[in-house]
Amino acid sequence: MLLAIVNAQVVPVEGQEFEGTVLVRDGRIAELGPDVAVPEGATVIDAGGAQVTPGLVDAHVHLGVHPEGDGAAGNDTNEMTNPNTAGVRTIDAIDPFDEGFDLALAGGVTTVNVNPGSGNPIGGQATTLHTHGRIVDHMVLREPAGLKSALGENPKRVYGDKKQTPSTRLGTAKIIRDAFVAAQNYQRKHNDVDAGATAEVDLTMEALGKVLRREIPWRQHAHRADDIVTALRLQAEFGYDLIIDHGTEAHVVADLLAERGVPVLIGPLFTTKSKMELRKRSIANPGKLAKAGVELSIITDHPVIPISFLVHQASLAVREGLDRETALRAITINPAKALGVAHEVGSIEVGKRADLVVWGGDWMDPMARPRTVLIDGRVVFEHDAATGEERVAPRDEVPLALPAA
């Protein structure tokens, strides 16, 4: 399949902007530049001078596990029956027909990472996937993509109300330490098993082992600066790759985060200060983190903030001091790096998946809508500015596989 987007103002994220063409072959970007020839028989999308960016990436959502309009009945975000549920996987609960996926497309978001919630000290395994499809397994880009953990008020509240550990920050850190020590012992036991012998498999320990072996990152929910420092302390003890989710007070310890090379996925930024951990929430904080040298991504935590507002959080952060280029990186290539899928998505480069957004104006302008959205070179969303009508492609059109780059 050949497709060409012509007469475009291409914003590739990695590399200089240019006016020209993006050529897509079999779902991947084949050529791009000002002088690319359009092959005979190619489907042509005339951008008419509009901006074309990569599909946006939201690295922290609950799409599909907390569906739109279902309330508590459809909420599968937290398995709050044990403080350590490392063995559960969000892929087993994602409903691809959640209307939130259509909302994502309307906001130009083509890749998301679905996390478990933050009710447990250790919540479970995350899934990175595209935002259009019928069968979740065919939408997946990486699974598992991380292991979710929570510090701070949420696990304290959940288990404190049950009169069990953890009811304090001390108890939460101990649950995490106990889990990693148990996982280390489990790994040693399995490594010592004689060839041909069968060792008992424990799904919780297997998941924690992936973190200890640095196969997946530890996704640490932390708002307050002291909780973020606890996260760094635990990382130093056990030697895993750490990502800070939320990071409301990350700017307070930004120098330490930059020194350790720990990325921050900041957000949601449009909420009220509904609990004590959010007292220092500010749309100016992304700019402070970026200036300190922290690799920054912006998240919605959908449905906390509707996922279609991802781009608006970035643009308002620019108003409050974040530079424009970093703001776009914070919703494209940076979250793709954090999720381990930057070789596939997050920028417009030859060989990558053709996840693209044709905008109806400057991507930063709150009045500009995504006009056409493509995933793997297929048009999955269109907005007609004249009529205001939106069209999402039928989910059964999604191909079951994409050729390797």
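Residues numbered from 1 in each chain as written. Predicted model: local features only at pLDDT ≥ 70, side-chain atom pairs only at ≥ 80, totals over all residues. Heavy atoms only, no water.

What follows covers the sheet that holds strand E8 (residues 122-125). With mixed pairing, the six strands of this open sheet are ordered in space as E8-E11-E12-E13-E14-E15. Edge positions in the open sheet fall to E8 and strand E15 (296-298), since each of these has one partner strand only. Sheet twist, expressed as the mean angle between neighbouring strand axes with direction ignored, is 25 degrees. Direction of pairing for strand E12 (residues 218-222) relative to strand E13 (residues 242-246): parallel, over a ladder of five bridges. Bridged to glutamine 220 within E13 is isoleucine 244. (Pairing = 2+ DSSP bridges. Helix = DSSP H or I, 4+ residues; strand = E, 2+ residues; numbered from the N terminus. Axes fitted to C-alpha atoms, helices over the stretch in contact; angles between N-to-C directions.)

Here the focus is the nonpolar core. One recurring pattern in soluble globular proteins is that nonpolar side chains are buried together. Counting 87 residues, the largest nonpolar core has Leu208, Trp218, Leu257 and Ile298 as its most contacted members. Top element by residues in this core is helix H6 (residues 225-238). It accounts for six residues. Formed jointly, this core draws a minimum of three residues from each of two domains, domain 1 (1-54 + 346-395) and domain 2 (56-345). Not counting residues up to four positions away in its chain, the partners in contact with tryptophan 218 are Ile122, Leu147, Ser149, Ile176, Phe180, Leu208, Val211, Tyr240, Asp241, Leu242 and Ile243. (Core = buried A, V, L, I, M, F, W, Y, C linked by side-chain atoms within 4.5 Å. Buried < 20%, exposed > 50% of the residue type's maximum accessible area, 1.4 Å probe, protein only. Domains from an automatic or database assignment. Contact = heavy atoms within 4.5 Å.)

Every buried residue of helix H5 (residues 203-212) is listed here: Met205, Ala207, Leu208, Gly209, Val211 and Leu212. On the buried face of H5, the contacting elements are E8, strand E11 (147-150), helix H4 (169-192), E12 and H6. If you check the start of H5, you find a side-chain oxygen 2.9 Å away from the backbone N of threonine 204, and it comes from aspartate 202. Residue arginine 214 follows H5 closely and has a positive phi angle near 60 degrees. (Polar contact = N/O pair within 3.5 Å; in protein donor to acceptor, adjacent residues only side chain to side chain.)

Now for the UniProt feature "domain: Amidohydrolase-related" (unreviewed entry) in the protein. The sites that UniProt annotates as "domain: Amidohydrolase-related" (unreviewed entry) are residues 236-380. Across residues 236-380 one finds 28% helix and 17% strand; the C-alpha atoms that close the span lie 44 Å apart. (UniProt positions renumbered as here; feature names shortened; annotations may be inferred.)

Attention now moves to the packing of aromatic side chains. Given two aromatic rings, their pairing is described by the distance between the two centres and the angle made by the two planes. Across all of its chains, the model carries five aromatic pairs by this definition. Geometrically, the ring pair formed by phenylalanine 180 and tyrosine 240 is stacked, given 5.0 Å between the ring centres and 25 degrees between the ring planes. Taken together, the residues phenylalanine 180 in helix H4 and tyrosine 240 in the loop between H6 and E13 connect sequence positions 60 residues apart. Residue phenylalanine 180 shares its accessibility class with tyrosine 240, and that shared class is buried. (Phe/Tyr/Trp six-rings, centres within 6.5 Å; stacked < 30°, edge-to-face > 60°.)

For the largest pocket, the calculated volume is near 450 Å³. Looking at the largest pocket, it is lined by 26 residues, and the ones nearest its centre are Ser118, Asn154, Lys275, Asp301 and Val304. The biggest single contributor to the lining of the largest pocket is helix H3 (residues 153-161), with three residues. Taken together, the residues that form the lining of the largest pocket break down as six nonpolar, 16 polar and four charged. (1 Å grid on protein atoms, 1.4 Å probe; cavity = no way out; pocket = protein on both sides within 12 Å on 5 of 7 lines; lining within 4 Å. Points joined across faces, edges and corners; volume = space filled by probe spheres on them. Nonpolar A, V, L, I, M, F, W, Y, C, P; charged D, E, K, R; others polar.)

Once that is clear, we can look at the pattern of salt bridges. Enumeration according to the criterion identifies 22 salt bridges in this entry. Notably, a salt bridge pairs glutamate 153 with lysine 156, separated by 3.5 Å at the nearest N-O pair. Taken together, the residues span about one helical turn, with glutamate 153 and lysine 156 both in helix H3 at a distance of three residues. Judged by its relative accessible area of 19%, glutamate 153 is buried. Residue classification places lysine 156 among the partly exposed residues on the basis of a relative accessible area of 23%. Among the ionic contacts, a cluster of salt bridges with common partners joins Glu153, Lys156, Arg169, Asp227, Lys275 and Glu277. (Salt bridge = Lys/Arg side-chain N within 4 Å of Asp/Glu carboxyl O.)

Our next topic: the pairing of strand E7 (residues 109-114). The element E7 is extensively covered by neighbouring structure, given that six of its six residues are classed as buried. For strand E6 (residues 56-61) and E7, the ladder comprises four bridges, and the chain directions are parallel. Note that in E7 the partner of aspartate 58 across the bridge is valine 112. Pairing of E7 with strand E9 (residues 127-130) involves four bridges; the strand directions are antiparallel. Residue pairing across strands places valine 114 opposite threonine 127, the latter belonging to E9.

Let us now look at the sheet that holds E6. Taken together, the four strands give an open sheet; going across it, the order is E6-E7-E9-E10, and neighbouring strands pair in mixed fashion. On the outer flanks of this sheet lie E6 and strand E10 (140-142), each paired with one strand and no other. With direction set aside, neighbouring strand axes in the sheet form an average angle of 25 degrees.

This part is about the domain arrangement of the protein. Split by domain assignment, the protein resolves into domain 1 (1-54 + 346-395) and domain 2 (56-345). At the interface, 31 residues of domain 1 touch 35 residues of domain 2. Across the interface of domain 1 and domain 2, roughly 2,700 Å² is buried in total on both sides, 61% from carbon and sulfur atoms. The interface formed by domain 1 and domain 2 holds five salt bridges in total. Linking glutamate 344 and arginine 353 is a salt bridge whose minimum nitrogen-to-oxygen distance equals 3.3 Å. Inspection of the region where domain 1 meets domain 2 yields 13 residue pairs in polar contact (both at pLDDT 80 or more). When contributions to the side of domain 1 that touches domain 2 are tallied by element, the ones reaching two or more residues are strand E5 (51-54), strand E16 (356-359), strand E17 (370-375), strand E18 (378-383) and strand E19 (390-392). Sort the elements by how many residues they give to the side of domain 1 that touches domain 2 and E17 lands first, with four residues. (Buried area = accessible area lost by both parts, 1.4 Å probe.)

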